[in-house]
Amino acid sequence: MNAASLMMGGLSALCAGGVGIMFLVAGVSKLREHDLFLGTLSSYRLLPASFLETAAWGLGAVEVLVGLMLLSGIGQGVGGVAAAGLMVTFALAMGINVMRGRTDLSCGCTPGQKGEALSWSLVFRTLACGVPALLPVVGGEVSSVGIRIEGAACGVALWVLWQALRVLPDLSLSDASGEQA
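Residues numbered from 1 in each chain as written. Predicted model: local features only at pLDDT ≥ 70, side-chain atom pairs only at ≥ 80, totals over all residues. Heavy atoms only, no water.

## Digging into the overall build of the protein
In terms of helices and strands, the protein carries seven helices and zero strands. Each helix and strand of the protein, placed in order from N terminus to C terminus, yields the pattern α-α-α-α-α-α-α. Across the 181 residues that make up the protein, the buried fraction comes to 38%. Considering only contacts within the protein whose residues lie at least 6 apart along the sequence, 73% involve residues at least 24 apart. In the form shown here, the protein has an accessible surface area of approximately 10,100 Å², with 70% of it arising from carbon and sulfur atoms. (Helix = DSSP H or I, 4+ residues; strand = E, 2+ residues; numbered from the N terminus. Buried < 20%, exposed > 50% of the residue type's maximum accessible area, 1.4 Å probe, protein only. Contact = heavy atoms within 4.5 Å. Areas by Shrake-Rupley, 256 points an atom, 1.4 Å probe, with all protein chains shown as cover.)

## A word on the nonpolar core
In this structure, V19, F23, L41, V66, L70 and A83 are the most contacted members of the largest nonpolar core, which totals 17 residues. At the level of elements, α1 (3–32), α2 (34–43), α3 (49–72) and α4 (76–99) are the ones that each hand at least two residues to this core. Broken down by element, this core gets its largest block of residues, six residues, from α3. Excluding residues within four positions of it along the chain, F23 makes contact with E63, V64, V66, G67, A83, L86, M87 and F90. (Core = buried A, V, L, I, M, F, W, Y, C linked by side-chain atoms within 4.5 Å.)

## Comments concerning α2
Looking only at α2, the buried set comprises H34, F37, L38, T40 and L41. Around the axis of α2, the buried residues are gathered within 165° of arc, so they sit on the same side. After α2 finishes, the residue R45 shows a positive phi value of roughly 55°. (Arc of directions from axis to C-beta.)

## Here's the deal with the environment of W120
Tracing the backbone shows W120 in helix α5 (residues 120–128). Separated by 29 residues in the primary sequence, W120 and A91 have C-alpha atoms spaced 9.3 Å apart. In this structure, W120 is in contact with G95, V98 and M99, ignoring residues within four places of it in sequence.

## Details of a nonpolar patch on the surface
Taken together, V88, M99, W120, F124 and L127 make up a surface patch of nonpolar side chains, about 530 Å² in accessible area. Of all the elements in the fold, those that place two or more residues in the nonpolar patch are α4 and α5. When you line up the elements, M99 lands in helix α4. Among the residues examined, M99 registers a relative accessible area of 63% and is labelled exposed. (Patch = residues over 30% accessible without salt bridge, like charges linked within 9 Å, V, L, I, M, F, W, Y side chains within 5 Å. Salt bridge = Lys/Arg side-chain N within 4 Å of Asp/Glu carboxyl O.)

## Quick word on the packing of α2 against α3
The angle between the axes and the distance between the axes are what describe a pair of packed helices. Direction vectors running N to C along α2 and α3 enclose 120°, while the axes themselves pass 9 Å from each other. As the angle between them shows, α2 and α3 are arranged oblique. Read as a crossing pair, α2 and α3 show a hand that is right-handed. On the side of α2, the interface is formed by H34, F37, L38, L41 and S42, while α3 contributes L52, E53, A55, A56, W57 and L59. (Axes fitted to C-alpha atoms, helices over the stretch in contact; angles between N-to-C directions. Parallel < 35°, antiparallel > 145°, perpendicular 65-115°, else oblique. Left-handed = near helix turned anticlockwise from the far one by under 90°.)

## A short note on the packing of α5 against helix α6 (residues 130–138)
At a minimum axis separation of 4 Å, α5 and α6 run at an interaxial angle of 5°. The angle between the axes of α5 and α6 places the two elements in the roughly parallel class. Contact residues: α5 offers T126, L127 and A128, while α6 offers G130, V131 and P132. When its residues are assigned to classes, the contact of α5 with α6 shows four nonpolar, two polar and no charged. (Nonpolar A, V, L, I, M, F, W, Y, C, P; charged D, E, K, R; others polar.)

## Considering the side chain of T40
Mapped onto the secondary structure, T40 falls in helix α2. Setting aside anything within four residues of it in sequence, one finds T40 in contact with S106, C107 and G108.

## Observations regarding the packing of aromatic side chains
Enumeration over the complete set of coordinates arrives at one aromatic pair. Positioned above the aromatic ring of F37 is the side chain of K30, whose terminal nitrogen or guanidinium carbon lies 5.2 Å from the ring centre. (Phe/Tyr/Trp six-rings, centres within 6.5 Å; stacked < 30°, edge-to-face > 60°. Lys NZ or Arg CZ within 6 Å of the ring centre and 35° of its normal.)

The following block contains the structure:
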């Protein structure tokens, strides 16, 4: 195995780990906090009321499955395509509501945690998350169990870092007297 394919395999495993843990956590949250997610899904006003319950359970289950596929390496290509497709779908749903002027809605990404209000930057960031989801598809499946485990561990570390950055207070520069600016 040459250095380029080894590097691509490592990058592919990292992306599979990062996107996989993101989908696994989001899916489990949607299943555990079903009623909260159902309310968020309903507030988007994109689906008929008769379909909301099925869609809420289905999205949570699909996200868990996609996360497990990416983390385990079993069906990783299908999981990557599904993850990218879900990201595009989520961005489209958010974008429609931003165009409607409904930016006060929560993204609904991880029920039970403080969600972000809808904005164009969130729409574009969601679309951008589809790119690393596709790297395990174009980069090829990683055959080394060790590299897959490292990718999953790095994915968990990236997710924890992201969560920490979201909850840290907005630190502003202090002036010379030590008071907050």
